[in-house]
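If you want the building blocks of each chain, they are given just below.
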Amino acid sequence: MAEASKSLPSPLAFALRFLLLLVLSLAVTVRPAAAQSILRDAETEALLRDMSKPLVEAAGLRPEDVQFVLIHDNSINAFVAGGQIVYLHSGLIENAANANEVQGVIAHELGHITGGHIIRFQDGAQAATGIMLLSLVLGAAAMAMGGGEAGAGIMAAGQQAAAGKFYSFLSTQESSADQAGASFLTKAGISGKGSIAFFKKIQNQELRYGIPQDDSYFRTHPLSGDRIARLQNIYEADAAWGSQTDPALEQRFQRVKAKLSGFVNDHKRTLQKFPETDKSVAARYARAYAWHKASYPDRANAEVDALLQQQPEDPYFLELKGQILLESGKPKEALESLRQAVALVPDQPLISALFGHALIATEDEKNFAEAKSVLKAAIGRDNSNPFAWYQLGIIYDREGDIARAALATAERHSLQGNPMLAMTSAQAALAGMKEGTPDCLRAQDIAMSSRALMLNDKNLAKAGRKMMVLPKGGAAGPEPVLSCRG
């Protein structure tokens, strides 16, 4: 692609790059977080579910169908990318002053979901592509007739019109999501003050980076000042404008914000933000994660013990206590805290998976049966946790159940976005399973879907003229074995 563009007029080269960008942008919606680090935390996920529930219901959706995914990214951003999944960047949580600001963002993203904007994204791309292709044909015709400069001008105008059309489409979607989000906040009785505060944060960020505030033609979002003005008129007239966030919910948010800060940031930065003179729950929580991350388990334990003195039956403090002990090489000592945490919140599969890991890490075979039971229960509640599948695979391997160990490995690789390894593991599982069993059918599903993903990746690579190393036996590997032989 790069070498070919040297012989093309620059407008044509730009046009082709724009077309490729549209093709690849459509692919991004399939696996949006595949190349990003997803943060899983039981307390954070429970908080996001609780603070969004009234908004989800106001949007006419079922809370159990809407998922929130936290991505390790310091930028202030959130997005949807297909299905009923809202992706939130860790930077958004860390920079939000309160829970209400995050609720404003969630309401906006729910507006994208209810508006079907991801499904309609292709319509905007196709319209822009149509304009681009027409300009290429007309420009090429002009060049063929000897009008090189005229042809280049037509192509340049076409790519500008196509880009403007596409940006306008996206901006219209953003305005629609703003209006929908405002209606959800109103219906839920939640103040729009947080929404306004968040948009002002965006505006300040744009001013800091010198982004023009007077021309919306080449913007994917409406001008921040215009958004603030429109929404402020709506929110200030709403009866919920003066409503306050539930103090208990706000306290939970500040805890989560602090622990997230301790986890994602350098421990020195965390200790500057939360000095040891600060004895608040949030500060101790942040420091506990910071000390643990910096490999000071004694100091981390001291902070957690202080928290447990205040709230001895807090499951998340107990979880952290167990995690620190486990990851500092003391799995046996970790069992008591983790067992208590699981008993207090048996519906939290992430904590159960950690407990199962601790049981295995003791290397005591007497604990393996309990570990298997705990891990299967965790996966039964949440089968999208690759860590839990990995631990369950260890148990199957220790039991000599190679087929199910391979299936657990296939599940893990599939969730981690490694279709080649998932297909290989699924085929190994099929070799030892009985035809028609649920495990056999699941292994077949993974093998087929993994191959489809590999073929899709190959086609995308072709579009971008990229090289891709694939297994022997064809463009995307050998045909997978789809029958059980055990």
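Being a predicted model, the structure only gives us computed values, none of them experimental.

## Topic: the packing of aromatic side chains
Logical step 1: One pass over the structure, following the stated rule, counts 6 aromatic pairs.
Logical step 2: An angle of 80° between the planes, with centres 5.3 Å apart, marks the rings of Trp291 and Tyr296 as edge-to-face.
Logical step 3: Taking the relative accessible area as the measure of exposure, Trp291 reaches 6% and is therefore buried.
Logical step 4: According to the relative accessible area criterion, Tyr296 is partly exposed, its value standing at 42%.
Logical step 5: Members of the aromatic cluster, each reached through a chain of ring pairs, are Phe263, Tyr285, Tyr289 and Phe317.
Logical step 6: Directly above the aromatic system of Trp291 lies the positively charged group of Arg299, at a separation of 4.5 Å from the ring centroid.
Logical step 7: Here the guanidinium or amino end of Arg299 rests over the ring plane of Tyr296, the centre of that ring lying 5.7 Å away.

## Here's the deal with the nonpolar core
Logical step 1: Ranked by size, the top nonpolar core spans 44 residues in total, and within it Tyr285, Leu320, Ile351 and Phe355 carry the most contacts.
Logical step 2: With 8 residues, helix 16 (residues 349-361) is the largest single contributor of residues to this core.
Logical step 3: The residues touching Leu320, leaving out its near neighbours within four places in the chain, are Tyr285, Ala288, Tyr289 and Val304.
Logical step 4: In terms of nonpolar packing, the next biggest core, distinct from the first, is built from 42 residues, Val86, Leu88, Leu92 and Ile113 among them.

## Let's talk about helix 17 (residues 368-381)
Logical step 1: Between its first and last C-alpha, helix 17 extends 20 Å over 14 residues, near the 20 Å set by a 1.5 Å rise per residue.
Logical step 2: Of the residues making up helix 17, those classed as buried are Phe368, Ala371, Val374, Leu375, Ala378 and Ile379. On an axial view of helix 17, the arc spanned by its buried residues comes to 130°, and they lie on one face. Facing away from the buried side of helix 17 by more than 90 degrees, the exposed set consists of Ala369 and Gly380.
Logical step 3: On the buried face of helix 17, the contacting elements are helix 16 and helix 18 (386-399).

## Details of the environment of Thr44
Logical step 1: With respect to the helices and strands, Thr44 occurs in helix 3 (residues 42-58).
Logical step 2: Along the primary structure Thr44 and Phe253 are separated by 209 residues, whereas in three dimensions their C-alpha atoms are 8.4 Å apart.

## Quick notes on the pairing of strand 4 (residues 85-89)
One face of the sheet, then the other: side chains in a regular strand alternate in exactly this way.
Logical step 1: A large share of strand 4 lies buried, amounting to 4 of its 5 residues.
Logical step 2: Pairing analysis gives 5 bridges linking strand 2 (residues 67-71) to strand 4, with the strands arranged parallel. Counted as the bridge partner of Phe68 is Val86 from strand 4.
Logical step 3: In the sheet, strand 3 (residues 78-80) pairs with strand 4 via 3 bridges, with the strands oriented antiparallel. Looking at the pairing, Phe79 lines up with Tyr87 of strand 4.

## A closer look at the confidence of the model for the protein chain
Logical step 1: On average, residues of the protein chain score 79 in pLDDT, and 71% of them are at 70 or above.
Logical step 2: With pLDDT under 50 throughout, residues 1-35 is counted as low confidence; its partners more than four residues away or in other chains account for 47 contacts.
Logical step 3: The low-confidence segment residues 463-476, where pLDDT is below 50, has 24 contacts with residues more than four positions distant or belonging to other chains.

## Overview of the packing of helix 16 against helix 17
Logical step 1: Relative orientation of the contacting elements helix 16 and helix 17 amounts to 160°, with a least axis distance of 8 Å. Taken as axis vectors, helix 16 and helix 17 run roughly antiparallel relative to one another. Regarding helix 16 and helix 17, the two cross each other, and that crossing is left-handed. Contacts between helix 16 and helix 17 involve Pro349, Ser352, Ala353, Phe355, Gly356, Leu359 and Ile360 from the former and Phe368, Glu370, Ala371, Val374, Leu375, Ala378 and Arg381 from the latter.
Logical step 2: Of the residues that constitute the contact of helix 16 with helix 17, the class distribution is 10 nonpolar, 2 polar and 2 charged.

## Description of the pattern of salt bridges
Logical step 1: Here the structure, examined in full by the defined rule, presents 20 salt bridges.
Logical step 2: Here Arg442 and Glu411 are joined by a salt bridge, their closest N and O atoms 2.8 Å apart. Placement of the pair is Arg442 in helix 21 (residues 438-463) and Glu411 in helix 19 (residues 402-415), with a sequence separation of 31 residues.
Logical step 3: In this structure Glu411 comes out as buried when scored by relative accessible area, which is 7%.
Logical step 4: If you follow the salt bridges from partner to partner, you end up with Asp41, Glu43, Arg255, Lys259 and Asp314 in one network.

Definitions and limits used
- Residues numbered from 1 in each chain as written.
- Predicted model: local features only at pLDDT ≥ 70, side-chain atom pairs only at ≥ 80, totals over all residues.
- Heavy atoms only, no water.
- Phe/Tyr/Trp six-rings, centres within 6.5 Å; stacked < 30°, edge-to-face > 60°.
- Buried < 20%, exposed > 50% of the residue type's maximum accessible area, 1.4 Å probe, protein only.
- Lys NZ or Arg CZ within 6 Å of the ring centre and 35° of its normal.
- Core = buried A, V, L, I, M, F, W, Y, C linked by side-chain atoms within 4.5 Å.
- Helix = DSSP H or I, 4+ residues; strand = E, 2+ residues; numbered from the N terminus.
- Contact = heavy atoms within 4.5 Å.
- Expected span 1.5 Å × (residues − 1).
- Arc of directions from axis to C-beta.
- Pairing = 2+ DSSP bridges.
- pLDDT = per-residue confidence, 0-100.
- Axes fitted to C-alpha atoms, helices over the stretch in contact; angles between N-to-C directions.
- Parallel < 35°, antiparallel > 145°, perpendicular 65-115°, else oblique.
- Left-handed = near helix turned anticlockwise from the far one by under 90°.
- Nonpolar A, V, L, I, M, F, W, Y, C, P; charged D, E, K, R; others polar.
- Salt bridge = Lys/Arg side-chain N within 4 Å of Asp/Glu carboxyl O.

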